[in-house]
Amino acid sequence: MQKKYLLAPGPTPVPPDALLAMAMPIIHHRAPDFLPVLDSAKKGLQWLYQTKNDVLILCSTGTGGMVGSVNNFLNPGDDVLVVNGGKFGERWTKICQAYGMKVTELVVEWGHAVKPEQVEEALKKNAKIKAVFVQYTETSTGVNHDIKTLAGIVKKTDALFVVDAISALVAHDIRTDEWGVDVMIGGSQKGIMLPPGLAFVSVSDKAWKMADTAKTPKFYFNFKKERENLSKNQTTWTSPVSLIIGLNAAIKMLQDEGLENVFKRHDRLARATRAAAAALSLPLYPKENPSLSLTAIEAPAGVDGQAIYKDLRVKYGITGAGGQDKLKGKIFRIAHLGYADTFDVITAVAGIEMVLKGLGHPVKLGTGVAAAQEILMK
Ligand SMILES: *Cc1c(COP(=O)(O)O)cnc(C)c1O
């Protein structure tokens, strides 16, 4: 037997409270017993999103929420601005192009965050831009874009500000309303501690106004219909009842902990992971704004990043993530997101040390663990 540890930036481990809740017998999504379940989920999501806006609940992975956030607010041929700083930024471009939008890409060097001035300039240069698409955490590089500052810039224009916060939610204090994020997407299998299968999308009044004139074809993800149904504690299609019951259990855990403590926990875990990497002389891949959800670490010279990822998984049962695309072999990634605590970091760091030593890299065992422990004890 080998005990497994899931430390990937999605899917993430699901806590027992949520697992047990999801084992309840299926109830019918149009029967009265489901209404309070959805009502509670809806309110819980508004709490988590720090918003008074509607937060739609969709049965899809996070990408479904991204797709809906393109075709519900725009018309084919509309000018849009995409911040592309990695694989997920690239996904915004592909989705927008699939629906016929005219994409201007702000290509950001991987490992860096977009400079807010660049967004400001791009918006000034083209007043026809109808929406700005960006990630909170670009999971492929482990970098955060400065959403608070960007929101302030986009708010001054007529453009919609759409944020993929799928891997950032729960780990970061995201002030949807205070900052003015129009559309923000979340997913169940990241910080929200559930299996894959739900996407969440908050929608501001500014966005709903655009939805009124958006003619892009849509069927499954029809946000106006979802809003109408949500007001009756329903979803348009068959509700993923078990996942929504699990969502209530997961949100209750976060509420019991308190939002501020949830953010503090993620900050502590991220700092401990980074300190361990530094103690092991492993450079962080992000050159700025490292995410609190995951840590992307460069493989040392002469060591294949994919071998680190693979040995962690095969030899020690620790599933992290490797690098994507051009980062394959160059980095490996460890998440500390959602149902994560002190000994998840210790496990990851101890595993990394053992794997590196096994691969012939000079490591004094315990160096990274000790550095992490110092921070985790504070
Ligand atoms: C995980 C993730 C997604 C969603 O991917 P799905 O496979 O559709 O769940 C989107 N954006 C970011 C930044 C992510 O980390």
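Residues numbered from 1 in each chain as written. Predicted model: local features only at pLDDT ≥ 70, side-chain atom pairs only at ≥ 80, totals over all residues. Heavy atoms only, no water.

> Where do I start with the domain arrangement of the protein in this structure?
Many descriptions give the size of an interface as the accessible area lost when the pieces come together. Domain annotation of the protein identifies domain 1 (5-10 + 258-376) and domain 2 (16-256). For domain 1 and domain 2, the distance between their C-alpha centroids amounts to 28 Å. In this complex, domain 1 contributes 28 residues to the contact, which on the side of domain 2 involves 34 residues. Between domain 1 and domain 2, roughly 2400 Å² of surface is buried when both sides are summed, and carbon and sulfur atoms account for 62% of that area. On inspection of domain 1 and its partner domain 2, the count reaches 1 salt bridge. Across the salt bridge formed by Asp325 and Lys87, the nearest N and O atoms sit 3.0 Å from each other. Here domain 1 and domain 2 share 13 residue pairs in polar contact (both at pLDDT 80 or more) between them. Those elements giving two or more residues to the side of domain 1 that touches domain 2 turn out to be α11 (259-279), β11 (294-298) and β13 (331-335). For the side of domain 1 that touches domain 2, a count of residues per class yields 14 nonpolar, 8 polar and 6 charged. (Domains from an automatic or database assignment. Contact = heavy atoms within 4.5 Å. Buried area = accessible area lost by both parts, 1.4 Å probe. Salt bridge = Lys/Arg side-chain N within 4 Å of Asp/Glu carboxyl O. Polar contact = N/O pair within 3.5 Å; in protein donor to acceptor, adjacent residues only side chain to side chain. Helix = DSSP H or I, 4+ residues; strand = E, 2+ residues; numbered from the N terminus. Nonpolar A, V, L, I, M, F, W, Y, C, P; charged D, E, K, R; others polar.)

> Sorry, what's going on with the site of the ligand here?
As a matter of local geometry, the ligand sits amid 14 residues, with Thr61, Thr63, Thr139, Asp164 and Lys190 nearest to it. Within the side chain of Asp164, one N or O atom sits 2.6 Å away from a nitrogen atom of the ligand. The cavity that encloses the ligand is the largest pocket. Elements that contribute at least two residues to the shell around the ligand include exactly α3 (62-71) and α4 (87-98). Among the elements that take part in the shell around the ligand, α3 stands out by supplying 3 residues, more than any other. The residue inventory of the shell around the ligand, partitioned by class, reads 3 nonpolar, 8 polar and 3 charged. (Near = heavy atom within 4 Å. 1 Å grid on protein atoms, 1.4 Å probe; cavity = no way out; pocket = protein on both sides within 12 Å on 5 of 7 lines; lining within 4 Å. Sits in = over half its atoms within 2 Å of the grid points.)

> Any chance you could explain empty space enclosed by the protein here in plain terms?
A water-sized probe rolled over the atoms picks out the places where empty space is left. In total, this model carries 4 cavities of 30 Å³ or more according to the counting rule given. Reported here for the largest cavity is a volume of approximately 90 Å³. Every residue lining the largest cavity is counted, 13 residues in all, and those nearest its centre are Ile57, Leu58, Cys59, Glu226 and Thr235. The biggest single contributor to the lining of the largest cavity is strand β2 (residues 54-59), with 3 residues. As a volume, the second largest cavity reaches approximately 50 Å³. Lining the second largest cavity are Leu6, Leu7, Ala8, Thr12, Pro13, Ala335, Leu337, Tyr339, Ala340 and Asp344. Here the residues of the lining of the second largest cavity sort into 8 nonpolar, 1 polar and 1 charged. (Points joined across faces, edges and corners; volume = space filled by probe spheres on them.)

> What am I meant to see in the nonpolar core here?
Inside soluble globular proteins, nonpolar side chains tend to come together where they are buried. By size, the foremost hydrophobic cluster in this structure holds 88 residues, and its most contacted members are Val119, Phe133 and Phe161. No other element matches helix α10 (residues 241-257), which puts 9 residues into this core. Counting the residues that make up this core, at least three belong to each of domain 1 (5-10 + 258-376) and domain 2 (16-256). What Phe161 contacts, discounting residues up to four positions off in sequence, is Val132, Val134, Ile147, Leu150, Ala151, Val154, Gly180, Val181, Asp182 and Val183. Leu282, Ile297, Ile308 and Ile334 belong to the second-largest nonpolar core, a separate cluster that totals 17 residues. (Core = buried A, V, L, I, M, F, W, Y, C linked by side-chain atoms within 4.5 Å. Buried < 20%, exposed > 50% of the residue type's maximum accessible area, 1.4 Å probe, protein only.)

> What's the story with the packing of α11 against helix α14 (residues 367-376) in this structure? I'm lost.
In a packed pair of helices, the relevant descriptors are the angle between the two axes and the axis-to-axis distance. Between α11 and α14, the shortest axis-to-axis distance is 7 Å and the interhelical angle comes to 150°. In terms of axis orientation, α11 runs roughly antiparallel to α14. Judged by the twist between their axes, the crossing of α11 over α14 is right-handed. Counted together, Arg268, Leu269, Arg271, Ala272, Ala275, Ala276 and Ala279 of α11 and Thr367, Gly368, Ala371, Ala372, Ile375 and Leu376 of α14 form the full contact between these two elements. Taken together, the residues of the contact of α11 with α14 sort by class into 9 nonpolar, 2 polar and 2 charged. (Axes fitted to C-alpha atoms, helices over the stretch in contact; angles between N-to-C directions. Parallel < 35°, antiparallel > 145°, perpendicular 65-115°, else oblique. Left-handed = near helix turned anticlockwise from the far one by under 90°.)

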